[in-house]
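Here is how the chains run, residue by residue.
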Amino acid sequence: MPFFLLDRNFIIIARLVPKKNLETALRAFKLYRDRNPLCRRKLEICGDGPLEESLKSLAQNLGIENEVVFHGFLQSQEIAPKLRASCALLLVSIEEQYGNV
């Protein structure tokens, strides 16, 4: 894999609500980081919602708070450059009505 791809982050674009399954994403990212300790990739989360504080707390409890970036709600024109710079868009929701992302 070319070295420049190793610096690209994972990204999630979602409302921070239970059906988006973001706790599982944080736990999976923790496993990924544990198995790849030299990796510099971060997990970027774009969106807001009622679970924001509990997700930040979970990231802290998992010891990945410095590797997870919570951007809050972003407009489409702010998201596009982040998508271009990421290595993968993660969609971990357990339910999607319309699938805007």
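Everything in this summary refers to the structure shown in the same document. If you're wondering where the values come from, they're calculated on a predicted model, not measured in any experiment. (Residues numbered from 1 in each chain as written. Predicted model: local features only at pLDDT ≥ 70, side-chain atom pairs only at ≥ 80, totals over all residues. Heavy atoms only, no water.)

**A closer look at unusual backbone geometry**
We apply this condition: Only DSSP runs of H or I reaching four residues or more are called helices, and only runs of E reaching two or more are called strands; each is numbered from the N terminus.
The backbone of asparagine 21 sits at a positive phi, close to 60°, despite the residue not being glycine. Its place among the elements puts asparagine 21 in the loop between strand S1 (10–13) and helix H1 (22–35).

**Thoughts on the environment of proline 37**
Within the secondary structure layout, proline 37 lies in the loop between H1 and strand S2 (43–46). Measuring from C-alpha to C-alpha, the distance between proline 37 and leucine 91 comes to 24 Å, with 54 residues separating the pair along the chain.

**So, the pairing of S1**
Under the convention used in this document: Using a 1.4 Å probe on the protein chains alone, a residue whose accessible area is under 20% of its type maximum counts as buried, one over 50% counts as exposed, and one in between counts as partly exposed. Only strands joined by at least two bridges in the DSSP assignment are considered to pair. Handedness of a crossover: with both strands directed away from the viewer, a clockwise path from the first strand across the helix to the second marks it as right-handed.
Of the two faces of S1, the one holding Phe10 and Ile12 and the one holding Ile11 and Ile13 are both buried throughout. For S1 and S2, the ladder comprises 4 bridges, and the chain directions are parallel. Note that in S2 the partner of isoleucine 13 across the bridge is cysteine 46. Tracing the backbone out of S1, into H1 and back to the parallel element S2 gives a crossover that is right-handed. Strand direction decides the pairing type here: S1 and strand S4 (residues 88–89), joined by 2 bridges, are parallel. Across the sheet, residue isoleucine 11 finds its bridge partner in S4, namely leucine 89.

**Quick look at H1**
For an α-helix, the turn length of 3.6 residues means that residues three or four places apart are oriented alike. Convention followed: Here a helix's expected span is defined as the number of its residues, less one, multiplied by 1.5 Å. Here the arc refers to the directions that run from the helix axis out to each C-beta atom. Contacts were defined at the residue level, with two residues in contact if any of their heavy atoms lie within 4.5 Å.
Its 14 residues place the ends of H1 20 Å apart at the C-alpha level, agreeing with the 20 Å of an ideal helix rising 1.5 Å per residue. Where H1 is concerned, the buried positions are Leu22, Ala25, Leu26, Phe29 and Arg33. The buried residues of H1 occupy an angular sector of 95° when projected down its axis, which confines them to one face. Check the buried side of H1 and you find it contacts S1, S2, helix H2 (52–62) and strand S3 (68–72).

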